[in-house]
Every structure is written in C-alpha cells, then in structure tokens.
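Residue strings, one per chain:
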Amino acid sequence: KFCFSYHHVNGWQEGDKLIFDTTTWPKFTLYFLDIVDADGKVFWPKMSFTRFVLDLKTGECDAFDLDNHPCEYPAVAPCATGRPYRHAYLCTSAHAAADNDEISGPIHQLTKVSMASADPYCKETKVEHYYP
C-alpha cells in the first residue's frame, strides 16, 4: 500500500507477526495542501485508519483499512499501548473517503472504532461517531 504514515495508533507483536495500526495518507503533498489549503475538490483530507500486519519470517506485509473516514490524532487507552486493544478513538470527518469522491468535509467529530475480534487479520469493526 503506497501511503504516508503518521499519527500512529498502536503496535504489538504476536509470534512472528508485527501488527501496526496508524493513520495513512495516500495523497501526501510536501506542503500538506490537503489540510492547510483544502478546497473540497482538488485538495481535501483523505486519510484512513489502517492496519499493517508484517510477517517477520517472510517479510510479507498485509495492509487494510479499519475505517475510511478522514482522521487525525488517534489514541488508545494508555494501558493498551504496545498490546492488542479493542477500541481506538480518532478525530474524523463525517464524510467517508472513497477514490471517486469529489468532496470531503472538515474533521469535526470524535469516532470510536471497536474491533470485532482479537484476530489481527479481522477487518470487521464497529464505528460510532460523536458530535460536539
């Protein structure tokens, strides 16, 4: 998966697998125009909450989105740092990103993403949004 990774959520190791959750940005520009000069058409936030599963034996990497709402500033409970976790919290946009989208909204809500299982390859999540 080609992307710029930043604002990491959490990471841990299970046997020969390294699981790493982060926010990813496929449209990275040097001057962050997608965020600082967003016009809703050409430049707009299009980040995702993404999981990477690295196989330390084979060097293979699987990557998949856990949520595709544009997001920033993820967090897990401090006691879950470096360990598997159930819930992550992110600042998000109400508009879910997709490759064919023509517009995106500002980041203005809190989102709770709950993992459906402890399996690192599980792509099923429950997403709840909270507005101020």
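This text follows the structure it describes.
To start, this report covers the structure provided alongside it. Each chain carries its own residue numbering, running from 1 in the direction its sequence is written. It should be noted that, the model being predicted, local features are given only for residues of pLDDT at least 70 and side-chain atom pairs only at 80 or more, the latter also being counted only at that level, while totals for whole chains, interfaces and linings use all residues. Side-chain numbers here rest on the full set of heavy atoms in the structure, without hydrogens or water.

Time to look at the overall build of the chain. When helices and strands are tallied, the chain shows one helix and eight strands. What you see in the chain, going N to C, is helices and strands ordered as β-β-α-β-β-β-β-β-β. Each residue's exposure class comes from its accessible area (1.4 Å probe, protein chains only) as a fraction of the maximum for that residue type: buried when under 20%, exposed when over 50%, partly exposed otherwise. Taking all 132 residues of the chain together, 38% fall into the buried category. Contact between two residues is taken to exist if any of their heavy atoms lie within 4.5 Å; hydrogens are not considered. Here the contacts in the chain between residues at least 6 apart in sequence split such that 48% fall between residues at least 24 apart. Values of accessible area rely on a 1.4 Å probe in the Shrake-Rupley scheme; residue burial ignores everything except the protein chains shown. When the accessible surface of the chain is totalled, it reaches about 7500 Å², and 58% of it is carbon and sulfur. What counts as a helix is a DSSP run of H or I of at least four residues, what counts as a strand is a run of E of at least two, and both are numbered from the N terminus.

In what follows, salt bridge is the name for a side-chain nitrogen of Lys or Arg lying within 4 Å of a carboxyl oxygen of Asp or Glu. Tallied over the entire structure, the rule returns three salt bridges. Taking the shortest distance from any N to any O, the salt bridge between Lys-57 and Asp-16 comes out at 3.3 Å. Remark: Asp-16 occurs in the loop between β1 (4-14) and β2 (17-25) and Lys-57 occurs in the loop between β3 (48-55) and β4 (61-67); sequence separation between them is 41 residues.

What follows covers the side chain of Ser-114. Within the fold, Ser-114 resides in strand β7 (residues 107-115). The exposure class assigned to Ser-114 is buried, which follows from its relative accessible area of 5%. Whenever two N or O atoms come within 3.5 Å, that pair is a polar contact, provided that in protein one can donate a hydrogen and the other can accept it, and provided that, for residues adjacent in sequence, both atoms are side-chain atoms. Within the local environment of Ser-114, its side chain forms a polar contact with the side chain of His-87, the two groups lying 2.8 Å apart. Setting aside residues up to four positions removed in sequence, Ser-114 forms contacts with Arg-86, His-87, Glu-124, Thr-125, Lys-126 and Glu-128.

On to the sheet that holds strand β5 (residues 71-75). A pair of strands counts as paired when DSSP detects no fewer than two bridges linking them. The strand order β5-β6-β7-β8 describes an open sheet built from four strands, whose pairing is antiparallel. Either end of the sheet is taken by a strand with one partner, and the two such strands are β5 and β8 (125-130). On average, adjacent strands in this sheet sit at an angle of 25 degrees to one another, irrespective of strand direction. Comment: axis = line fitted to C-alpha atoms, over the contacting stretch for helices; angle = value between 0 and 180 degrees taken between N-to-C directions.

Here is the idea: a disulfide is a covalent bond, and it sits between the sulfur atoms of two cysteines. We call a pair of cysteine sulfur atoms a disulfide when they lie within 2.5 Å. Applying the stated criterion to the full structure yields zero disulfides. Cys-71 supplies the cysteine sulfur nearest to Cys-91, a cysteine that is in no disulfide, at a spacing of 9.4 Å.

We now examine unusual backbone geometry. In this model, Tyr-73 sits at a positive phi of 45 degrees, which is unusual for a non-glycine residue. Assignment of secondary structure puts Tyr-73 in strand β5. Given a relative accessible area of 55%, Tyr-73 falls into the exposed group.

Once that is clear, we can look at the sheet that holds β2. The four strands lie next to each other as β1-β2-β3-β4, forming an open sheet whose pairing is antiparallel. Two strands bound the open sheet, and with one partner strand each, they are β1 and β4. Direction aside, the axes of adjacent strands within the sheet are offset by 25 degrees on average. Here β3 runs beside β4; their pairing, made up of six bridges, is antiparallel. Bridged to Arg-51 within β4 is Phe-64.

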